[in-house]
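Read off the chains here:
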Protein chains: 2
Amino acid sequence: MSEPTHPLLPFPPLSLSASLVERCQELSSDTPIPGFLFAGVHAGIKRSSEALDVGLISCTSTATCAGVYTQNQVVAAPVTLSRRHLASTTQVRAVIVNSGNANACTGEGGDRDALLMANSVVDQLLESSTSLSAAHIQVASTGVIGAPLPIKKLTDAIPMVVSSLESSGLKRFATAIMTTDNRPKSRALKLNLKGVKGAGETTEVMIAGCSKGAGMIHPNMATMLSYLCTDAKVAADDLQKLWVEVCDHSFNAITIDGDTSTNDTALILASGESSPLEGSPLQDEALSLFIEATRALATALAVDILRDGEGVEHVAHLTVRGARTSTEARQVAETIALSPLVKTAMNGEDPNWGRIIAAVGRSGVEVDPSVITLCIGGEKIYDRGQWCGLEAEEVAHQAMCGAEYPIEVDLSLGVSDCTLYTTDLSAQYVRINADYRS
Amino acid sequence: MSEPTHPLLPFPPLSLSASLVERCQELSSDTPIPGFLFAGVHAGIKRSSEALDVGLISCTSTATCAGVYTQNQVVAAPVTLSRRHLASTTQVRAVIVNSGNANACTGEGGDRDALLMANSVVDQLLESSTSLSAAHIQVASTGVIGAPLPIKKLTDAIPMVVSSLESSGLKRFATAIMTTDNRPKSRALKLNLKGVKGAGETTEVMIAGCSKGAGMIHPNMATMLSYLCTDAKVAADDLQKLWVEVCDHSFNAITIDGDTSTNDTALILASGESSPLEGSPLQDEALSLFIEATRALATALAVDILRDGEGVEHVAHLTVRGARTSTEARQVAETIALSPLVKTAMNGEDPNWGRIIAAVGRSGVEVDPSVITLCIGGEKIYDRGQWCGLEAEEVAHQAMCGAEYPIEVDLSLGVSDCTLYTTDLSAQYVRINADYRS
């Protein structure tokens with residue numbers, strides 16, 4: 001029996017809501033974004049002789065930052081350090097990331113190395129800024145766990161990475177933070193705020209960002225990293241609040257295999273350069289539009305991780321609606337999204353409603369099986385407890401042959417909903433995650 | 001790339017605790033067991049022209065019964081009926097099971113058909129017993145979901161299945177209830193109670209049983225069915241209490257893919273024929289030994305399901321100890337046992353402690369990563385937060401090349417523990433569950 005090698009899923013254009021479509025435009029991710037410079041260099045941490053393995057985001061002054069970190073209790077040294085830095089100040093001057101080594105499970109030496117990474121960036125940037133401390137630096141590492149960070153190679157590379165900073169280097173940065181990713185994932189958009197209430201003197205803001213994926217191959221450990229940069233001016237409190245919400249609907253709404261890594265980090269940096277020096281931060285309708293645009297970009301970058309995931313052949317946009325509460329909606333959605341039987345059915349392009357309904361039934365949420373309705377690819381295949389027949393299944397099967405399609409479950413119990421993004425489970429996924437020794 | 005077809009895992013001899021080893025002996029599962037007759041026939045429900053698809057357990061008088069049913073809220077008609085029957089009386093006269101059709105998601109017609117199955121057994125057995133009603137019959141169906149039960153074929157087969165009842169027919173019954181199982185799974189033991197406190201005049205009891213497995217291939221829906229029969233005399237209350245506990249440690253302690261089915265049923269039937277007519281039921285030490293022996297048999301039959309599972313190449317006996325409570329121990333164990341990354345590492349025979357420790361970290365139980373210890377195949381590979389080096393990993397890798405091995409996690413927080421049985425995740429599993437249309 002031979003195994004097909006599947007082509008990678010495409011990265012489709014940004015999906016915009018009705019309120020955004022008039023005001024938003026997707027841009028090349030290398031479009032310069034006021035207030036930020038990016039770089040990616042080869043420091044020799046990865047074995048491959050040319051692979052980029054150190055990335056830097058530098059803010060021309062400091063940017064306001066909000067962060068969401070892994071909830072795993074086993075955390076790598078750079079996560080502990082970055083979390084502490086952000087708790088002490090929301091002003092960030094630079095983000096330094098290496099790939100090829102996760103600096104995880106490395107004990108006290110790991111803590112020391114993470115701090116050394118931050119300090120050597122401070123040393124190198126001090127020329128241009130005098131009141132700079134390690135607390136203004138965010139640090140991340142991704143790659144092999146257990147092995148000590150080759151800290152000398154890394155600190156030796158800092159002058160080079162600083163000197164290669166450029167305004168249109170986001171894609172290069174996105175490449176430098178890759179581990180098992182197949183492609184760099186970066187996107188940008190501009191949002192027109194002309195005449196919008198709460199925009200002040202800001203007429204247009206840009207948001208750009210990148211993500212790296214959730215593929216886990218031992219001896220690498222999965223690290224989902226995501227960075228968004230914007231020239232919008234946003235108050236620190238608003239930024240943290242909106243970022244938690246945006247991440248809930250994007251980076252925390254994707255699942256490949258239910259394993260959260262010890263390094264996951266998602267940051268947003270706001271330079272404020274779209275607004276005059278004394279201009280006020282975004283408010284009211286302008287802030288709402290900004291949140292929506294941020295969410296659209298973050299969701300696209302999150303789903304790009306799935307599209308680039310190990311052995312992924314299909315992505316489902318799974319919505320559970322009609323739940324009593326959003327917690328219950330999420331609980332049902334997670335049970336479906338993580339079911340290996342649902343995921344293998346997706347792989348087989350099989351509208352197997354029995355597996356989905358059985359997952360709903362065991363989710364722990366009290367449901368009434370006789371009122372549940374299920375659509376796949378827009379086709380109703382299970383209607384208030386009754387199977388809709390072979391023809392409906394055939395239509396759903398056709399939709400499931402595509403790269404991406406919706407799965408919608410209506411519990412008919414209330415008005416809350418939840419959308420998660422999930423993938424099929426392929427033989428290829430198993431092979432990648434099992435066969436590293438072969 | 002070609003895929004190896006793996007040999008089925010062997011069914012090893014019963015594993016007996018120190019207190020049982022002197023008193024217990026494994027027997028052929030076709031050894032007659034006083035009070036029970038078994039049959040399996042071909043009724044034409046399965047397409048294959050010779051496959052057995054209707055099984056019957058008949059009690060020579062009635063037996064005391066205890067049951068554990070699926071906790072899924074979406075349940076098949078026979079489960080609803082059987083649960084109601086057992087709630088109305090603990091006395092059971094027969095168990096009728098068909099394979100090939102699950103009678104699930106079949107609406108009111110399904111309820112009617114389940115009752116018809118029970119009633120036609122009553123009709124056929126009435127000759128020998130006068131005070132018999134449908135409530136004394138337990139019913140189960142397993143196979144295709146959504147399709148109506150071919151009830152005429154089934155009721156037409158009842159006279160044949162009744163007339164072929166025999167004392168040494170357990171293996172034939174076990175074969176008739178198979179769906180995607182590769183082999184029938186049946187076992188028996190005898191327990192010497194001579195001189196044991198609480199045994200009364202009973203000197204020896206037998207326990208025999210069978211199970212069918214958790215493989216789920218659409219259009220079949222997984223149904224785990226397990227039936228134990230014993231000639232011990234046990235009070236109805238004691239039987240229900242011990243059965244819930246035994247199932248927790250056996251049939252509810254195995255996991256292939258975390259999906260519970262809508263049909264799962266586990267029953268124990270006690271004929272009491274090992275004891276004279278007016279003899280008292282087992283008590284004290286005799287009851288404790290009986291519980292232990294039942295647990296040993298049930299655990300073996302449960303793990304046999306994994307050994308016979310779709311694409312299963314390795315079985316791990318996963319113990320989490322040192323937890324604060326047994327609930328927390330189970331929560332950690334389930335997170336590890338269901339992690340696709342841990343399961344693919346098992347498939348790759350890779351002692352990937354990072355994936356196991358990361359699963360512990362995200363289990364939702366508060367842990368201290370710096371005191372966690374992990375052994376695989378008896379070899380310590382992670383000791384109080386520190387990696388034990390390549391040599392230890394190599395020893396663990398060798399153990400993981402075997403069919404079955406222990407994985408032990410010590411949280412060092414308390415004295416509670418939990419043992420679950422889990423399998424690797426193979427490309428073969430995905431293929432079986434995805435490719436039914438090909």
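A quick note: this is a predicted structure, and the numbers were derived from the prediction, not measured.

Trainee: Can you walk me through the overall build of chain A in this structure?
Mentor: Of regular secondary structure, chain A possesses 12 helices and 16 strands. Taking 2.2 N^0.38 as the reference for a compact globule, 438 residues should give roughly 22 Å; the C-alpha atoms of chain A span a radius of gyration of 22 Å, in line with that estimate. Oriented by its inertia axes, the alpha-carbon framework of chain A measures out at about 70 × 60 × 35 Å.

Trainee: Help me out: how do you make sense of the sheet that holds strand 9 (residues 254-255) of chain B in this one?
Mentor: The strands that make up a sheet are held in pairs by hydrogen bonds between backbone atoms, and each pair lies either parallel or antiparallel. All names here are of chain B. Strand order in the open sheet formed by seven strands is 9-16-11-15-12-13-14, with mixed pairing between adjacent strands. Only two strands of the sheet have a single partner each, and these edge strands are strand 9 and strand 14 (386-387). The sheet contact formed by strand 9 and strand 16 (residues 416-423) spans two bridges and is parallel. When the bridges of strand 16 are listed, threonine 255 appears paired with threonine 422.

Trainee: Help me understand the nonpolar core, please; the structure alone is not making it clear to me.
Mentor: One broad rule of soluble globular proteins: the nonpolar side chains tend to lie buried together. Ile96, Val332 and Leu374 of chain A together with Ile96, Ile207, Val332 and Leu374 of chain B are the most contacted members of the largest nonpolar core, which totals 296 residues. Beyond its immediate chain neighbours, meaning those up to four positions away, isoleucine 96 of chain A contacts Leu56, Met117, Ala118, Val121, Ile137 and Val139 of chain A.

Trainee: Looking at this model, I keep getting lost on the sheet that holds strand 12 (residues 373-376) of chain A. Mind explaining?
Mentor: Ordered in space as 9-16-11-15-12-13-14 (chain A), the seven strands form an open sheet in which the pairing is mixed. The sheet terminates laterally at strand 9 (254-255) and strand 14 (386-387) of chain A, the two strands that pair on one side only.

Trainee: For this particular structure, what's the right way to read the domain arrangement of chain A?
Mentor: It is common to give the size of an interface as the accessible area that goes away when the parts come together. Domain boundaries assigned for chain A yield domain 1 (18-307) and domain 2 (315-437). Taking only C-alpha atoms into account, the centre of domain 1 of chain A sits 32 Å from that of domain 2 of chain A.

Trainee: In this structure, what is going on with the pairing of strand 15 (residues 404-410) of chain B? I would like to understand it.
Mentor: Within a regular beta strand, the side chains point alternately toward one face of the sheet and then the other, so they alternate between its two faces. Residue and element names in this part refer to chain B. Sheet topology note: the strand 11 (residues 315-323)/strand 15 ladder contains seven bridges and is parallel. Its bridge partner lying in strand 15, valine 320 is registered against valine 409. Bridge count for strand 12 (residues 373-376) against strand 15 is four bridges, and the pairing is antiparallel. The residue of strand 15 that forms the bridge with threonine 373 is aspartate 410.

Trainee: What should I look at first to understand helix 9 (residues 340-347) of chain B in this one?
Mentor: An α-helical turn contains 3.6 residues, so any two residues separated by three or four positions project in the same direction. Taken across its eight residues, helix 9 of chain B has eight buried, putting it largely inside the fold. Those residues of helix 9 of chain B lying buried are Pro340, Leu341, Val342, Lys343, Thr344, Ala345, Met346 and Asn347 of chain B. In this structure, the buried side of helix 9 of chain B is in contact with helix 12 (427-434) of chain A together with strand 11, helix 8 (326-338), helix 10 (353-361), helix 11 (390-400) and strand 16 of chain B. Once helix 9 of chain B ends, the next one or two residues include glutamate 349 of chain B, with phi positive near 55°.

Trainee: So what exactly am I meant to see when it comes to the pairing of strand 6 (residues 185-192) of chain B here?
Mentor: All names here are of chain B. In terms of burial, strand 6 is largely enclosed, as seven of its eight residues are buried. In terms of strand pairing, strand 1 (residues 24-27) meets strand 6 through four bridges, oriented antiparallel. Opposite leucine 27, over in strand 6, you have alanine 188 as the bridge partner. Inspection of the sheet shows strand 6 paired to strand 7 (residues 204-212) by eight bridges, in the antiparallel sense.

Trainee: What is the right way to read the packing of helix 8 of chain B against helix 10 of chain B from this model?
Mentor: Packed helices, taken two at a time, are described by the angle their axes make and the gap between the axes. All names here are of chain B. Closest axis-to-axis distance for the helix 8/helix 10 pair is 8 Å, and the angle between their directions is 135°. The angle between the axes of helix 8 and helix 10 places the two elements in the oblique class. Between helix 8 and helix 10 the crossing geometry is right-handed. Note on element contacts: helix 10 touches helix 8 through Ile356, Ala359 and Val360, opposite Val332, Thr335 and Ile336. Per-class residue counts for the contact of helix 8 with helix 10 are five nonpolar, one polar and no charged.

Trainee: Hey, could you run me through unusual backbone geometry in this one?
Mentor: Excluding glycine, residues mostly carry a negative phi; peptide bonds, for their part, are mostly trans. All names here are of chain B. A positive phi angle, close to 55°, is found at cysteine 105, a residue other than glycine. Within the secondary structure, cysteine 105 sits in the loop between strand 4 (91-101) and helix 3 (107-125). Unlike most non-glycine residues, glutamate 349 shows phi in positive territory, near 55°. In this structure glutamate 349 comes out as buried when scored by C-beta crowding, with 20 C-beta atoms within 10 Å.

Trainee: Teacher, can you tell me more about the packing of helix 9 (residues 340-347) of chain A against helix 10 (residues 353-361) of chain A here?
Mentor: Residues and elements named next belong to chain A. At their nearest, the axes of helix 9 and helix 10 sit 9 Å apart, and the two run at 160° to each other. Of the possible angle classes, the one that applies to helix 9 and helix 10 is roughly antiparallel. In this structure, the crossing between helix 9 and helix 10 has a hand that is left-handed. Counting all contacts with helix 9, which are made through Leu341, Val342 and Ala345, the residues of helix 10 involved are Arg355, Ile356 and Ala359. For the contact of helix 9 with helix 10, the residue count by class is five nonpolar, no polar and one charged.

Trainee: Can you help me understand the confidence of the model for chain A in this one?
Mentor: Atom-level detail of predicted coordinates should not be read off regions where pLDDT is low. Residue and element names in this part refer to chain A. Here chain A averages 91 in pLDDT, while 94% of its residues score no lower than 70. Contacts for the low-pLDDT stretch residues 216-221, under 50 throughout, to residues beyond four places or in other chains number 28 contacts. Both scores are available for the predicted complex, with the pTM at 0.86 and the ipTM at 0.80.

Trainee: So what exactly am I meant to see when it comes to the environment of arginine 362 of chain B here?
Mentor: Here arginine 362 of chain B shows up in the loop between helix 10 and strand 12. For the pair formed by arginine 362 of chain B and phenylalanine 11 of chain B, sequence separation is 351 residues and the distance between their alpha carbons is 34 Å.

Trainee: When you look at helix 12 of chain A in this model, what are you seeing that I'm missing?
Mentor: Where burial is concerned, most of helix 12 of chain A is hidden: seven out of the eight residues are buried. Buried within helix 12 of chain A are the following residues: Ala427, Gln428, Tyr429, Val430, Arg431, Asn433 and Ala434 of chain A. Looking at the packing, one finds that the buried side of helix 12 of chain A touches helix 9 and helix 12 (427-434) of chain B.

Trainee: How do you make sense of the environment of asparagine 352 of chain A when you look at a structure like this?
Mentor: All names here are of chain A. Inspection of the secondary structure puts asparagine 352 in the loop between helix 9 and helix 10. Asparagine 352 gets classed as buried once you count the C-beta atoms within 10 Å, which come to 28. Each C-alpha atom, one on asparagine 352 and one on lysine 185, is 32 Å from the other, the two residues being 167 residues apart in sequence.

Trainee: I'm lost on the environment of isoleucine 145 of chain B in this one. Help?
Mentor: Position of isoleucine 145 of chain B relative to the elements: it lies in the loop between strand 5 (137-144) and helix 4 (151-163). As for isoleucine 145 of chain B and alanine 102 of chain B, which are separated by 43 residues in sequence, their C-alpha atoms are 5.2 Å apart.

What counts, and where the lines are drawn
Residues numbered from 1 in each chain as written. Chains lettered and ligands numbered in written order. Predicted model: local features only at pLDDT ≥ 70, side-chain atom pairs only at ≥ 80, totals over all residues. Helix = DSSP H or I, 4+ residues; strand = E, 2+ residues; numbered from the N terminus. Rg over C-alpha atoms; globule rule 2.2 N^0.38 Å. Pairing = 2+ DSSP bridges. Core = buried A, V, L, I, M, F, W, Y, C linked by C-beta atoms within 7 Å. Buried ≥ 20, exposed ≤ 12 C-beta atoms within 10 Å, placed from the backbone. Contact = placed C-beta atoms within 7 Å. Domains from an automatic or database assignment. Axes fitted to C-alpha atoms, helices over the stretch in contact; angles between N-to-C directions. Parallel < 35°, antiparallel > 145°, perpendicular 65-115°, else oblique. Left-handed = near helix turned anticlockwise from the far one by under 90°. Nonpolar A, V, L, I, M, F, W, Y, C, P; charged D, E, K, R; others polar. pLDDT = per-residue confidence, 0-100.

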